[in-house]
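# Descriptive structure summary
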Amino acid sequence: GAGVSQSPSNKVTEKGKDVELRCDPISGHTALYWYRQSLGQGLEFLIYFQGNSAPDKSGLPSDRFSAERTGGSVSTLTIQRTQQEDSAVYLCASSPGVAGGNEQFFGPGTRLTVL
Amino acid sequence: AQSVTQLGSHVSVSEGALVLLRCNYSSSVPPYLFWYVQYPNQGLQLLLKYTTGATLVKGINGFEAEFKKSETSFHLTKPSAHMSDAAEYFCAGCSSGSARQLTFGSGTQLTVLP
């Protein structure tokens, strides 16, 4: 079946611009996660959604970052007023639920470059 | 708080040799542990996971890992390396508490020499 998809695969933007990154999780998966992978910081958790519960935003690095998940499916990560340190690969993952042993299935990522 | 440490950012082995990638965790509660592999320009793929039960876990592509509580370790092994195993490997942990996000180690780049 279809896996997690993300778009765009690459995004180049100028400092100060806003960007939106999209994630389509596996159908039926109730949990959705965003991570950031960068050279200096490795893989970092950003935010997760579970069903209709309030998202866990504890990993967002600043208030320039926000995310929403519409209809319990597609999610959009928005970065406002991008900075060069935002350059990274943004990975989305989904899971059938939030039981700790559930595998998270990852998308291919969006590579963001801020000039 | 959960933390995961991978010893060795780069490991090189000869084709056919044993692969050993090290992972240690720190946690006040038994964690759930995972090994993921990432090939260039691709997302992460699960190799294996430990939740409860048997401490020796077998995964895909001939990999296995052993959960050792006394050593707080979850090292990944494969008896005989193949060229196609060259990739970056990440150990990750998830506590059994309310938090469900994965905490990743810094990754180990595996090179397989002909």
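This report concerns the structure included in the present document. Remember, predicted model here, so these are calculated numbers, not experimental data. (Residues numbered from 1 in each chain as written. Chains lettered and ligands numbered in written order. Predicted model: local features only at pLDDT ≥ 70, side-chain atom pairs only at ≥ 80, totals over all residues. Heavy atoms only, no water.)

So, on to the interface of chain A and chain B. The interface of chain A with chain B comprises 20 residues on the first partner and 18 residues on the second. Approximately 1,500 Å² of surface area, both sides summed, lies buried where chain A meets chain B, with 56% of it carried by carbon and sulfur atoms. For the pair chain A and chain B, the interface holds zero salt bridges. Joining chain A to chain B, the criterion identifies three residue pairs in polar contact (both at pLDDT 80 or more). Across the side of chain A that touches chain B, the residue classes tally to 10 nonpolar, seven polar and three charged. (Contact = heavy atoms within 4.5 Å. Buried area = accessible area lost by both parts, 1.4 Å probe. Salt bridge = Lys/Arg side-chain N within 4 Å of Asp/Glu carboxyl O. Polar contact = N/O pair within 3.5 Å; in protein donor to acceptor, adjacent residues only side chain to side chain. Nonpolar A, V, L, I, M, F, W, Y, C, P; charged D, E, K, R; others polar.)

Here the focus is the state of the cysteines. All names here are of chain B. This structure, assessed with the given rule, holds two disulfides over all chains. Through a disulfide, Cys 23 is tied to Cys 91; the S-S separation comes to 1.9 Å. Here the disulfide of Cys 23 and Cys 91 is left-handed, its torsion about the S-S bond being about -65°. With Cys 23 in strand 3 (residues 19-26) and Cys 91 in strand 9 (residues 87-94), this pair connects stretches of sequence that are 68 residues apart. Here Cys 23 and Cys 91 have matching classes, each one buried. Here Cys 94 is not disulfide-linked; the sulfur of Cys 91 is the nearest cysteine sulfur, at 12 Å. (Disulfide = S-S within 2.5 Å. Helix = DSSP H or I, 4+ residues; strand = E, 2+ residues; numbered from the N terminus. Buried < 20%, exposed > 50% of the residue type's maximum accessible area, 1.4 Å probe, protein only.)

Residue and element names in this part refer to chain B. Ranked by size, the top nonpolar core spans 26 residues in total, and within it Trp 35, Leu 48, Phe 74, Leu 76 and Tyr 89 carry the most contacts. Elements that contribute at least two residues to this core include exactly strand 2 (10-14), strand 3, strand 4 (32-38), strand 5 (44-50), strand 7 (64-68), strand 8 (73-78), strand 9 and strand 11 (108-113). Here the element with the most residues in this core is strand 3; it accounts for four residues. Beyond its immediate stretch of four places on either side in the chain, Leu 76 contacts Val 19, Leu 20, Leu 21, Trp 35, Leu 47, Leu 48, Phe 63, Glu 64, Ala 65 and Tyr 89. (Core = buried A, V, L, I, M, F, W, Y, C linked by side-chain atoms within 4.5 Å.)

We now examine the pattern of salt bridges. In a structure, side chains of opposite charge can pair up when their charged atoms sit close to one another. Residues and elements named next belong to chain A. Counted according to the given criterion, the structure contains five salt bridges over all chains. Across the salt bridge formed by Asp 24 and Arg 22, the nearest N and O atoms sit 2.8 Å from each other. Residue Arg 22 is classed as partly exposed on the basis of its relative accessible area, which comes to 37%. The salt bridge partner of Asp 86 is Arg 64, with a shortest N-O separation of 2.8 Å. With Asp 86 in the loop between strand 7 (75-79) and strand 8 (88-95) and Arg 64 in the loop between strand 5 (42-50) and strand 6 (65-69), the pair connects residues that are 22 residues apart, well separated along the chain. Taking relative accessible area as the criterion, Arg 64 reaches 12% and is therefore assigned buried.

Residue and element names in this part refer to chain B. Of the two faces of strand 3, only the one carrying Val 19, Leu 21, Cys 23 and Tyr 25 is buried; Leu 20, Arg 22, Asn 24 and Ser 26 on the other face are not. In this sheet, strand 3 lies alongside strand 1 (residues 3-7) in antiparallel orientation, the contact comprising five bridges. Bridge pairing in strand 3 places Gln 6 opposite Cys 23. Alignment of strand 3 against strand 8, held across four bridges, turns out to be antiparallel. Its bridge partner being in strand 8, Leu 20 is matched across the sheet by Thr 77. (Pairing = 2+ DSSP bridges.)

Residues and elements named next belong to chain A. The four strands lie next to each other as 1-3-7-6, forming an open sheet whose pairing is antiparallel. Every other strand in the sheet has two partners, leaving strand 1 (5-7) and strand 6 as the edge strands with one partner each. Across the sheet, the mean angle separating the axes of adjacent strands is 15° when strand polarity is ignored. (Axes fitted to C-alpha atoms, helices over the stretch in contact; angles between N-to-C directions.)

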